[in-house]
Amino acid sequence: MSTPRPGAPRIVVTVAVADRQTDPANAARKNALYADSVTRHGGEAIVLDATSDEETRKVAFATMDGLLISGGADLHPDRYGQPSRGSTTIELDRDVLEHEAWTAAQTRNVPVLGVCRGFQVINVFSGGSLLQHVDGHQGPRWGSGPAKIHPLRIAPGTRLARILFPTNAGGGVVRVNTYHHQAVRPSDLAPGLVANAWASSPAGDLIEGLEAADGRFVFGVQCHPERTESTPPAFERLFSVFVDAARGPADRR
C-alpha cells in the first residue's frame, strides 16, 4: 500500500474482520485490495471493521471525505423487513458499523461507493430490499480459481456510462466478475436510486449498478472492480472519479 500524499482525501473503507473468516489470510488480502484501490488514486484509506472502537469510529466518520463500503457477508434480512429466505453468513456487528458509516456519510454529504455487499447496503439503507438468493451468479471463492464472468449491460445516459465510456455515454456491454448470491431486482430498488447496469439471471434481469437520482456521488456496483485481474480496465476510472470527488467541498459534490 502506498503512503498517502499530504492533503489526500480521507476515505473510510469498511471491511470484514479478517480473523473471523474461514481463511483469514485470504480475507486480509481481499481487504487490502479495497484500500489499494483508494491509495493508488491518491486517497488515504482509513480501514474500519466491526472491532473498531467507538472513539475510532467517531473520529473517522467526523473527518472522512468519502466512504467505500466493501464486499462480504449477507445483510440481516431484518434490515429490509423480511424473514430469512436464503440468507447465509450474517455479521450483525458489521451491519451496525456500516449503518453508522452510511448515516454519517449522508449527514455530511460525502461521496459513497459500494462494492458487492456495499452495493446492496446502499440499496437497503436507502429503503430498498434484496432477493435473498439467486442461482448462477456465485463463482469460485476468490483465490481458488478463475472468476465466473458474465455480461453487464451499462445503461446509456447514466453517470456510470459517462465514467466508463467518457467519449461515448451511450452505454455498452462489458464482462465482469460475479461473486454474489443475493441480488437487487427492479422491484427491490430503493426510492431515489437509479439503475445504471443490468445482468441476466434465472430470476430475470437484475440491477447490478446503481447511482443517486439527485446527482449526489452515491454509486454501487455488484461486481468486484478491485479484483483487477477479472475486471475491465474501464472500471479503474470509477475508483479514480470517486477519489477525485472526495477531494472537493461538500457543496460541489
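Every value quoted in this text rests on a predicted model; they were computed, and no experiment measured them. (Residues numbered from 1 in each chain as written. Predicted model: local features only at pLDDT ≥ 70, side-chain atom pairs only at ≥ 80, totals over all residues. Heavy atoms only, no water.)

Caption draft 1: Inspection of unusual backbone geometry at higher detail. Unlike most non-glycine residues, asparagine 109 shows phi in positive territory, near 55°. Its place among the elements puts asparagine 109 in the loop between helix H3 (92-108) and strand E4 (112-115). With relative accessibility at 26%, the residue asparagine 109 sits in the partly exposed group. (Helix = DSSP H or I, 4+ residues; strand = E, 2+ residues; numbered from the N terminus. Buried < 20%, exposed > 50% of the residue type's maximum accessible area, 1.4 Å probe, protein only.)

Caption draft 2: Spotlight on H3. Compared with an ideal rise of 1.5 Å per residue, which puts 17 residues at 24 Å, H3 spans 25 Å between its outermost C-alpha atoms and is within 8% of the ideal. Restricting attention to buried positions, one finds in H3 the residues Arg94, Asp95, Leu97, Glu98, Ala101, Trp102, Ala104 and Ala105. One or two residues past the end of H3 sits asparagine 109, with phi positive at roughly 55°. (Expected span 1.5 Å × (residues − 1).)

Caption draft 3: Examining helix H4 (residues 117-125) more closely. Across the 9 residues that make up H4, a large majority, 9, are buried. When we look at burial in H4, the residues that qualify are Arg117, Gly118, Phe119, Gln120, Val121, Ile122, Asn123, Val124 and Phe125. Against the buried residues of H4 lie strand E3 (66-69), H3, E4, strand E7 (193-199), strand E8 (206-212) and strand E9 (218-221). (Contact = heavy atoms within 4.5 Å.)

Caption draft 4: Seen up close, the sheet that holds strand E5 (residues 149-154). If you walk across this open sheet you meet the 9 strands as E2-E1-E3-E4-E9-E8-E7-E5-E6, and the pairing is mixed. Either end of the sheet is taken by a strand with one partner, and the two such strands are strand E2 (44-48) and strand E6 (172-177). In this sheet, neighbouring strand axes are inclined to one another by 25° on average, regardless of whether the strands run parallel or antiparallel. As paired elements, E4 and E9 share 4 bridges and run parallel to each other. When the sheet's bridge partners are listed, glycine 114 is paired in E9 with glycine 220. Its contacts with the sheet place helix H1 (residues 24-39) against strand E1 (10-14), E2, E3 and E4, and it is angled at close to 155° to E2. Sheet strands touched by helix H2 (residues 54-63): E1 and E2. Its angle to E2, the strand with the most contacts, is close to 145°. (Pairing = 2+ DSSP bridges. Axes fitted to C-alpha atoms, helices over the stretch in contact; angles between N-to-C directions.)

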